[in-house]
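Given next are the chains, with one letter for each unit.
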Amino acid sequence: MTEKLISVIVPVFNEQEVLPVSYQRFTSALRDIGYPYEIIYVDDGSRDGTVDVLRGIARADERVRVLSFSRNFGHQLAVTAGMDTAGGDAVIIIDADLQDPPELIQNMVAMWEDGAQIVYGKRVKRKGETIFKKFTAWAYYRLLNAMSTYPIPLDSGDFRLIDRVVADLFLEMRESNRFLRGMSAWMGFKDVPLEYTRAGREAGQTKYTFKKMLKLAFDGICGFSSRPLTLPGWLGVALCALAGLGLVTLIVLAIISAAPPWLWAVDGILFIQGVTLIALGVQGAYMGRMLDEVKRRPLYIIKERFGKGEY
Ligand code: UDP
Ligand code: MG
């Protein structure tokens, strides 16, 4: 048997009800795989009995490690903290509420052994979620994809396996407003979907409030597209073109008969608006570049090196 270590990261926020059940499901699924493993629970500033439950679990099982945040920093940062500590050859991110079946980890590991560097869970069906959530999620993934320069897998959450190489790159990407699934798409490694039906929550309520969801949605768009910043500029170009056409029409009208004076004013306003929007778009283009600079992402990623020369 290979001695590859599997790290499982579980972000938790006020999950005292599900923890004992999900711990059982995780361990029995992981035992079946047969690799050495570690489970890293990241408590995202829970205010219920979560930390005590985790203390109990960690006391009884030396493969469990726990990181506990001073306050609620959010799911994406909890996962990041887990990645910062994970030592595995493969790192798996899974929610604590059993919406992502732990038994699928076995399939993910098999696909990883076959060469996939990222295996992402693709939700073909969602159970126990409101129509509103299903629809907004469906629409959002499509909007995001249309806006992003690189394809971001549709209907995939953070439930995934990443190879050590990918995990190391996450350590290098220190942007604060993190949208992990976008970041992993940005890296451009070979990713393979694993289709599954998303179960309902085992217990408790969703910890992703509408506000948190909105923030994540914006982080996705702002982190992977500067189109919202430059779009006004293009609108401005269209307005100026329209004003130009209007001007030509007005001149012709003035020659053959007479153009009403207010039409000249409308055309002028159109032109001024256009210029303003172009100026906004140009500023947006600069801001987008500034954003890229402050994010300090790696400039490029080398997948492979070969050839006879020394590097
Ligand atoms: N979570 C977290 N911090 C938060 C919100 C959620 O660590 O601020 C955890 C939560 O405990 C769960 C996972 O992230 O393990 C996904 O959250 P949840 O199941 O509430 O989201 P949903 O599945 O409803 O989108
Ligand atoms: Mg959930």
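Given the structure is predicted, the values throughout are model-derived calculations rather than measurements. In this numbering scheme, every chain counts its residues from 1 along its sequence in written order. Chain letters start at A and ligand numbers start at 1, both assigned in the order the entries are written. This being a predicted model, a pLDDT of at least 70 is required before a residue's local features are given, and a value of 80 or more before pairs of side-chain atoms are given or counted; all residues contribute to the totals for chains, interfaces and linings. Neither water nor hydrogens contribute to the side-chain values; these are computed over all heavy atoms in the structure.

## Topic: the pattern of salt bridges
Convention followed: Each salt bridge in this description consists of a side-chain nitrogen of Lys or Arg and a carboxyl oxygen of Asp or Glu lying within 4 Å of one another. Counting from the N terminus, the helices are DSSP H or I runs at least four residues long and the strands are E runs at least two residues long. Burial here depends on accessible area, computed with a 1.4 Å probe over protein chains only, as a share of the maximum for the residue type. Under 20% is buried, over 50% is exposed, and the range in between is partly exposed.
Following the criterion strictly, the structure yields 18 salt bridges and no others. In this structure, the salt-bridge partner of K4 is E113, at a minimum N-O distance of 3.1 Å. Taken together, the positions of K4 in the segment before β1 (6-12) and E113 in helix α4 (residues 104-113) put the pair 109 residues apart, joining distant regions of the chain. Overall, E113 belongs to the partly exposed group, its relative accessible area being 34%. With a closest N to O distance of 3.0 Å, D84 and R174 form a salt bridge. With a gap of 90 residues between them, D84 in helix α3 (residues 75-85) and R174 in the loop between α6 (164-172) and α7 (180-187) connect regions that are remote in the sequence. Assessed through its relative accessible area of 38%, D84 is described here as partly exposed. You can call R174 partly exposed: its relative accessible area is 46%.

## So, the site of ligand 1
Test applied: The cutoff for a nearby residue is simple: one of its non-hydrogen atoms must lie within 4 Å of the molecule or strand. Whenever a nitrogen or oxygen atom comes within 3.5 Å of another N or O atom, the pair is scored as a polar contact, on the condition that within protein one atom can donate a hydrogen and the other can accept it, and that pairs from neighbouring residues in sequence are kept only if both atoms are in side chains. A 1.4 Å probe and the Shrake-Rupley method give the accessible areas. Residues count as covered only by the protein chains that appear here. Put simply, Ala, Val, Leu, Ile, Met, Phe, Trp, Tyr, Cys and Pro go in the nonpolar bin, Asp, Glu, Lys and Arg in the charged bin, and everything else, Gly too, in the polar bin.
Around ligand 1, the structure places 19 residues, and the nearest of them are E15, D44, D97, T206 and K207. Within the backbone of H75, an N or O atom sits 3.5 Å from a nitrogen atom of ligand 1. R201 has a polar side-chain atom sitting 3.0 Å from an oxygen atom of ligand 1. Surface burial for ligand 1 is 96%, taken as the share of its 520 Å² of free accessible area covered by protein chains. When grouped by side-chain class, the residues that make up the shell around ligand 1 number five nonpolar, five polar and nine charged.

## Considerations on the side chain of T80
Our working definition: For this analysis, residues touch if any pair of their heavy atoms sits within 4.5 Å.
Along the chain, T80 turns up in helix α3. There is a polar contact of 2.7 Å between the side chain of T80 and the backbone oxygen of Q76. Ignoring any residue separated from it by four or fewer positions in sequence, one finds T80 in contact with R174, R178 and L180.

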